Amino acid sequence: MTHETSWHSETTAVTAGRPPHVPGAPVNYPIGVSTTFSAGDSAHAYIREGSTGTEALEQVLGALEGGHAVVYSSGIATVNAVVDLLPGGAIVVAPNHAYPGTNVRLRELHAVGRLVVREVQIDDPAAVEAAADGAALLWLESPTNPLMEVADIRAAVAVAQRVGALVAVDNTFMSPVRQSPLALGADISMHSATKSISGHSDALIGSLSTRDADLAAKLRSRRTMQGTLPGALETFLSLRGLRTLHIRTDRAEANALEIAQRLESHPRVEKVLYVGLESHPHYERHMSQADGSGAVVCFVASGSVEDVERICASTRLWTHATSLGGVESTLERRRRWPAEPDATPEGLIRLSVGIEHVDDLWADLNQALNA
Ligand SMILES: *Cc1c(COP(=O)(O)O)cnc(C)c1O
């Protein structure tokens, strides 16, 4: 599993995490479905601790993130893994509108007294600072799902260093090729790798990365005890998807920007929320900490809930479905989910823009908007 550290990220994504180039060796690690291994090897004894396939995916992801990656059975499993590092009653500062699953889980842990969770407006650095006193963890998500609020990651890191807190960033919307929280000083970068890392809507998987080798080793040994190793097929699919992350992101992001711009002048659109538009209130902050704007575009459509649901039901190319980051474009009205906060407008539609031809995507979305 060699790769040269001087290579660019695009090259690393393709070359790392492969068997050595020796005669007869496979080019990819096979999907490893054995739960147990012949005795005598210190690295591989029982599958819950991981396998060669796990290590291959972690090598590639770690290299792209600038640290050591640890992979999990889902994105939400990584949230549990991070809070499991904290002592009982620890204070956690978190966004008031993060990915709803994260908010639900943190609120559950707060309700049973496991944590004290302080929810803040995450795009307001003063609010983050005001809540940070005594905190053990600042949990950021930037941009947030689906309100596209942009945290000031560097400012949060500075505050955390002063109060002695860890900083973890949910980096799912940007992917490892558009934002590097570890390079900005965060302790942990987190991904729902179910989304753009895997990229084909066919694998549930998550990852944490850190520059701290001891922390990575601790996460890995706890993962063994939590039983949250991703399955062999998911691991394989995720690594296969990761090989093309750069080119998928380039295409999907270019499509997303074009669609966001066209939506801005559509009569049925009240507002477009996309970090790639200069009209976004934190466009400059975002671009100072990221290398692009990703492929999730949200907009608020005019009309009643039924009108907006009809838009989602009227597309033929776009799939009316939740989740994001696949090669295929999807859309949904976020408030159809009970856990979605009231801050999300009833008419907000989240687009996950894929890699189809942008003119086909626009034609279909435009006919649905006009239906
Ligand atoms: C989907 C998602 C998660 C949860 O990940 P799963 O893989 O579904 O468990 C967390 N954060 C964000 C931003 C997401 O989009």
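Residues numbered from 1 in each chain as written. Predicted model: local features only at pLDDT ≥ 70, side-chain atom pairs only at ≥ 80, totals over all residues. Heavy atoms only, no water.

Quick look at the overall build of the protein
For the protein, the helix and strand inventory stands at twelve helices and twelve strands. Compactness check: the protein gives a C-alpha radius of gyration of 21 Å against a globular reference of 21 Å for 371 residues, within 12% of the reference. Structurally, the protein occupies a C-alpha span of about 70 × 50 × 35 Å along its principal axes. Within the protein, the proportion of its 371 residues that are buried is 54%. (Helix = DSSP H or I, 4+ residues; strand = E, 2+ residues; numbered from the N terminus. Rg over C-alpha atoms; globule rule 2.2 N^0.38 Å. Buried < 20%, exposed > 50% of the residue type's maximum accessible area, 1.4 Å probe, protein only.)

What to know about the nonpolar core
Among the nonpolar cores identified, the biggest contains 27 residues, and Ile259, Leu263 and Leu351 are the most heavily contacted of them. If one sorts the elements of this core by residue count, helix H12 (residues 358–370) sits on top with six residues. Setting aside residues no more than four positions away along its own chain, Ile259 makes contact with Trp318, Leu351, Val353, Val358, Leu361, Trp362 and Leu365. Residues Val92, Ala94, Leu115 and Met190 belong to the second largest nonpolar core, which totals 25 residues. (Core = buried A, V, L, I, M, F, W, Y, C linked by side-chain atoms within 4.5 Å. Contact = heavy atoms within 4.5 Å.)

Comments concerning the sheet that holds strand E9 (residues 296–301)
On the basis of which strands lie adjacent, the open sheet formed by five strands has the order E8-E9-E12-E11-E10 and mixed pairing. Of all the strands in the sheet, just strand E8 (269–273) and strand E10 (319–320) have a single pairing partner and so form its edges. Relative to strand E11 (residues 330–333), E10 runs parallel, the two being bridged by two bridges. Looking at the pairing, Thr319 lines up with Thr330 of E11. (Pairing = 2+ DSSP bridges.)

A word on a nonpolar patch on the surface
A cluster of nonpolar side chains, namely Ile31, Val33 and Leu233, defines an oily patch on the protein surface of about 290 Å² accessible area. The topology assignment puts Val33 in the loop between helix H1 (9–15) and helix H2 (52–65). Taking the relative accessible area as the measure of exposure, Val33 reaches 68% and is therefore exposed. (Patch = residues over 30% accessible without salt bridge, like charges linked within 9 Å, V, L, I, M, F, W, Y side chains within 5 Å. Areas by Shrake-Rupley, 256 points an atom, 1.4 Å probe, with all protein chains shown as cover. Salt bridge = Lys/Arg side-chain N within 4 Å of Asp/Glu carboxyl O.)

Here we look at the side chain of Ser352
Along the polypeptide, Ser352 turns up in strand E12 (residues 348–352). Here Ser352 falls in the buried class, since its relative accessible area comes to 3%. Reaching out from Ser352, the side chain makes a polar contact with the backbone nitrogen of Gly325 at a distance of 2.9 Å. Residues in contact with Ser352, not counting those within four places in the same chain, are Ala295, Trp318, Ser323, Leu324, Gly325, Gly326, Glu328, Ser329 and Thr330. (Polar contact = N/O pair within 3.5 Å; in protein donor to acceptor, adjacent residues only side chain to side chain.)

Comments concerning helix H7 (residues 213–226)
Compared with an ideal rise of 1.5 Å per residue, which puts 14 residues at 20 Å, H7 spans 20 Å between its outermost C-alpha atoms and is within 8% of the ideal. Taken residue by residue, H7 has Leu215, Ala216, Leu219, Arg223 and Thr224 as its buried positions. On its buried side, H7 packs onto H2, strand E1 (68–72), helix H3 (75–83), strand E6 (188–192) and strand E7 (206–210). One side-chain oxygen at the N-terminal end of H7 lies 2.9 Å from the backbone nitrogen of Asp214; it belongs to Asp212. (Expected span 1.5 Å × (residues − 1).)

As for the site of the ligand
Around the ligand there are 14 residues in total, and Ile76, Asp170, Ser192, Thr194 and Lys195 lie nearest to it. Between the ligand and the protein, one listed contact pairs an oxygen atom with a backbone N or O atom of Gly75 at 2.9 Å. One of the side-chain nitrogen or oxygen atoms of Ser192 is found 2.8 Å away from an oxygen atom of the ligand. When the ligand sits alone it has 390 Å² of accessible area, and the protein chains cover 92% of it. If you list the elements that add at least two residues to the shell around the ligand, you get H3 and E6. Of the residues assigned to the shell around the ligand, the class counts are five nonpolar, six polar and three charged. (Near = heavy atom within 4 Å. Nonpolar A, V, L, I, M, F, W, Y, C, P; charged D, E, K, R; others polar.)

Quick notes on the domain arrangement of the protein
Per the domain assignment, the segments making up the protein are domain 1 (9–242) and domain 2 (245–370). Using C-alpha coordinates to define each centre, domain 1 is positioned 25 Å away from domain 2. With 37 residues of domain 1 in contact, the opposing surface of domain 2 contributes 37 residues. Summed over both sides, the interface of domain 1 with domain 2 buries roughly 3000 Å², with 58% coming from carbon and sulfur. Across the domain 1-domain 2 interface, the total number found is two salt bridges. With a shortest N-O distance of 2.8 Å, Glu253 and Arg178 are connected by a salt bridge. (Domains from an automatic or database assignment. Buried area = accessible area lost by both parts, 1.4 Å probe.)

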